[in-house]
Amino acid sequence: MRRDSKLSSVLHVLLHLAHSDHPMTSEDMARFLDTNPVLVRRVLAGLRERGFIASNRGHGGGWSITCDLAKVTLRDIYEAVGAPPFFAMGNRTESPGCLVEQVVNASLGAAFDEAEALLMRQLGHVTLADLSAEFNRRYDQHAHTHGVHHAHHERDL
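Residues numbered from 1 in each chain as written. Predicted model: local features only at pLDDT ≥ 70, side-chain atom pairs only at ≥ 80, totals over all residues. Heavy atoms only, no water.

Student: Residues and numbers for the overall build of the protein, please.
Tutor: Secondary structure summary: the protein contains six helices and two strands in total. When the helices and strands of the protein are listed from N to C terminus, the series reads α-α-α-β-β-α-α-α. Its C-alpha radius of gyration of 20 Å places the protein more than 25% over the 15 Å reference for a compact globule of 157 residues. Summarising its shape, the C-alpha atoms of the protein cover approximately 65 × 40 × 30 Å along the three principal directions. (Helix = DSSP H or I, 4+ residues; strand = E, 2+ residues; numbered from the N terminus. Rg over C-alpha atoms; globule rule 2.2 N^0.38 Å.)

If you want it as structure tokens, here you go:
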């Protein structure tokens, strides 16, 4: 079963945008994700509606970050992309009158609800600025370890 990676993909794109010194096209971002630019635009529309990013047409146009990374949490992004289900598992509902199915569903339902609540709390504690800072830390470590000497452009986060 294929996992839904929409949230991960959007966060990937947002970090590229945050560290870019110019707007990026849907085609640029699609290459990062190995996907179709139309799919990128479709997903980014929800972020634009919330004011997290903006797009400009024409020469030199593209997508850019418009939000304060320190004020946007992963939960905000999760909700902006339509709050896809966290779990591929679910309860069996073929025989709702079956007492065994009811007991199993009640037990699993409580566990799923608790796990989802924990995930939502965790997503609410992590900001885009936190991800950006971790990227910067890893980039600097990688550059130091591998002797990379090219400039790393970053915005004031």
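The structure having been displayed, the exposition proceeds.
Student: Can you tell me about the packing of aromatic side chains, naming the residues and giving the values?
Tutor: As enumerated under the stated definition, the model contains two aromatic pairs in all. Here the aromatic rings of Y78 and F86 are separated by 4.7 Å at their centres, their planes lie at 10 degrees, and the arrangement is stacked. Here Y78 falls in the buried class, since its relative accessible area comes to 5%. Centroid distance F135 to Y139: 5.9 Å. Interplanar angle 45 degrees. Geometry classified as tilted. (Phe/Tyr/Trp six-rings, centres within 6.5 Å; stacked < 30°, edge-to-face > 60°. Buried < 20%, exposed > 50% of the residue type's maximum accessible area, 1.4 Å probe, protein only.)

Student: How would you summarise the pairing of strand β1 (residues 53–56) if you had to cite specific residues and measurements?
Tutor: Relative to strand β2 (residues 62–65), β1 runs antiparallel, the two sharing four bridges. Counterpart to I53 in the pairing with β2 is I65. Hairpin connection from β1 to β2: five residues lie between these consecutive antiparallel strands, with G58 at a positive phi of about 90 degrees. (Pairing = 2+ DSSP bridges.)

Student: Explain helix α2 (residues 26–33) residue by residue, including any values.
Tutor: Taken together, the buried positions of α2 are occupied by S26, M29 and A30. The buried residues of α2 occupy one face: seen down the axis, they fall within an arc of 105 degrees. The elements touched by buried residues of α2 are α1 (6–18), α3 (37–49) and β2. D34 occupies a position one or two residues after α2 and carries a positive phi of about 55 degrees. (Arc of directions from axis to C-beta. Contact = heavy atoms within 4.5 Å.)

Student: Break down the side chain of S26 for me, citing the residues and quoting the values.
Tutor: Within the element layout of this structure, S26 appears in helix α2. Assessed through its relative accessible area of 4%, S26 is described here as buried. Those residues in contact with S26 that lie beyond four places of it in its chain are P37, V40, R41 and W63.

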